[in-house]
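Examining the three-dimensional arrangement
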Amino acid sequence: MICKLCGEDRKLVKAHIIPEGFFRPLRFGSTVPELHSNTNGVFPRKSPIGVYDKNILCEKCDKYIGLWDDYAHKLLIQNFSEKFAVYERDTKVAYKIDDYDYKKLKMFFISVLWRASISSQQFYQRIKIGTHEQIIKEMIIHDDPGDPYDYAVSLAKFIDPEVKVMLDPHKTKFDGINYCQFYITRFILYIKTDKRNPPDFLKELCLKKDPPFWIVLRDVNKSKDGKIIKDIVLKGIKK
């Protein structure tokens, strides 16, 4: 089998697209995490360790990318806390991270996008990025995160702490600029897949070489995908 990163004929492994560590917070008690989609005809399915693809990476390349996975997991899951919260009077308005490694964090985000784009798993079927796929592959090979506006990354977080649902990723647009949108535990990840710069309102919010990295808050009651997630959570409570 040919590894899609190094191009060598090697034994391939079960490679996660979104790392398993980002699925663990979705587990509570004996409940197994479920993957949901807002695509008609696609039904929920249980996924205790997330989605992996055994046809994309060899062990060496999986471990190479895994270094970025481990870093992002420690920053966004293991060590993430309310100490990052920013308040305006008594209202929480955002999170702010002042200490992070731009290269490692950016490489994690774009590697998730690349892995999703090359995967044949149904959960990632809506992530097709055309010529960007080869460009990002070269960035991964050369450990090159690019400038902040190259595949610009912005992150949001749902306000409701009970939101732990994983929806399938899909394409979206902001002011006509192409993005891919992922749901990673309680976070919503937006990655620009467009040669144009991010829209003005996202320029200050994208991941940059110098801190801070701002994470905006989203209300599940004020967005289409948020309402879908809320319905899923309520159904789970009623079971």
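Structural data are supplied above this passage.
Residues numbered from 1 in each chain as written. Predicted model: local features only at pLDDT ≥ 70, side-chain atom pairs only at ≥ 80, totals over all residues. Heavy atoms only, no water.

Let's talk about the packing of helix α1 (residues 59–78) against helix α2 (residues 102–118)
At a minimum axis distance of 8 Å, the contact between α1 and α2 shows a crossing angle of 115°. Taken as a pair, α1 and α2 cross one another with a handedness that is left-handed. Facing α1, whose interface residues are Ile-65, Trp-68, Asp-69, Tyr-71, Ala-72, Leu-75 and Leu-76, α2 presents Lys-104, Leu-105, Met-107, Phe-108, Phe-109, Ser-111, Trp-114 and Arg-115. In the contact of α1 with α2, the residues fall into 11 nonpolar, one polar and three charged. (Axes fitted to C-alpha atoms, helices over the stretch in contact; angles between N-to-C directions. Helix = DSSP H or I, 4+ residues; strand = E, 2+ residues; numbered from the N terminus. Left-handed = near helix turned anticlockwise from the far one by under 90°. Contact = heavy atoms within 4.5 Å. Nonpolar A, V, L, I, M, F, W, Y, C, P; charged D, E, K, R; others polar.)

Structural notes on the packing of α2 against helix α3 (residues 132–141)
Two elements in contact, α2 and α3, have axes separated by 10 Å at closest approach and are oriented at 135°. Judged on the interaxial angle alone, α3 and α2 are oblique. The chirality of how α2 crosses α3 is left-handed. Where α2 approaches α3, its residues Met-107, Ile-110, Ser-111, Leu-113, Trp-114, Ser-117 and Ile-118 are matched on the opposing element by Glu-133, Ile-136, Lys-137, Met-139 and Ile-140. Across the contact of α2 with α3, the residue classes break down as eight nonpolar, two polar and two charged. (Parallel < 35°, antiparallel > 145°, perpendicular 65-115°, else oblique.)

Here's the deal with the packing of aromatic side chains
Within this structure, the stated rule accounts for 11 aromatic pairs. Measuring from centroid to centroid gives 5.2 Å for Phe-108 and Phe-109, while their planes differ by 55°, and the two rings are tilted. As far as the burial class goes, Phe-108 and Phe-109 line up, both buried. Three or more aromatic residues joined by ring pairs form one cluster here, namely Phe-80, Phe-84, Tyr-95 and Phe-187. (Phe/Tyr/Trp six-rings, centres within 6.5 Å; stacked < 30°, edge-to-face > 60°. Buried < 20%, exposed > 50% of the residue type's maximum accessible area, 1.4 Å probe, protein only.)

Remarks on the nonpolar core
If you look at the biggest cluster of nonpolar residues, it comprises 57 residues, and the most contacted ones within it are Leu-57, Leu-76, Ile-97, Leu-105, Phe-109 and Phe-182. Elements with a minimum of two residues in this core: α1, β6 (91–97), α2, α3, β7 (153–158), β10 (177–184), β11 (187–192) and β12 (213–218). Broken down by element, the residue count for this core peaks at 11 residues, all from α2. Once residues lying within four places of it in the same chain are set aside, the contact partners of Ile-97 are Leu-75, Leu-76, Phe-80, Phe-84, Pro-211, Pro-212, Phe-213 and Ile-215. The next biggest cluster of nonpolar side chains, apart from the first, holds nine residues, and it includes Leu-167, Ile-177, Tyr-183 and Tyr-190. (Core = buried A, V, L, I, M, F, W, Y, C linked by side-chain atoms within 4.5 Å.)

Observations concerning the pairing of strand β5 (residues 85–88)
As defined by bridge partners, β5 adjoins β6 across four bridges and the pair is classed as antiparallel. Bridging across to β6, Glu-88 finds its partner in Thr-91. Where β5 hands over to β6, the hairpin turn is made up of two residues, of which Arg-89 adopts a positive phi near 60°. (Pairing = 2+ DSSP bridges.)

Digging into the sheet that holds β7
Ordered in space as β5-β6-β12-β7-β11-β10-β9, the seven strands form an open sheet in which the pairing is mixed. With partners counted over all chains shown, the strands left at the sheet margins are β5 and β9 (170–174), one partner each. If you compare each strand with its neighbour and ignore which way they point, the axes differ by 35° on average. In this structure, β9 lies alongside β10, joined through five bridges in antiparallel fashion. Looking across to β10, one finds that Phe-174 is bridged to Ile-177. Sheet strands in contact with α2 are β7, β10, β11 and β12, and its direction is about 95° off that of β10.

Some words on unusual backbone geometry
Geometrically, the link from Pro-211 to Pro-212 is a cis peptide bond, its omega value of 5° lying close to zero. Topologically, Pro-212 is positioned in the loop between α4 (200–203) and β12. In this structure, Tyr-151 is a non-glycine residue whose phi angle is positive, near 50°. At Asp-175, a residue that is not glycine, the phi angle is positive and equals roughly 50°. For Asp-175, the location among the structural elements is in the loop between β9 and β10. Residue class for Asp-175 comes out exposed when judged on its relative accessible area of 64%.

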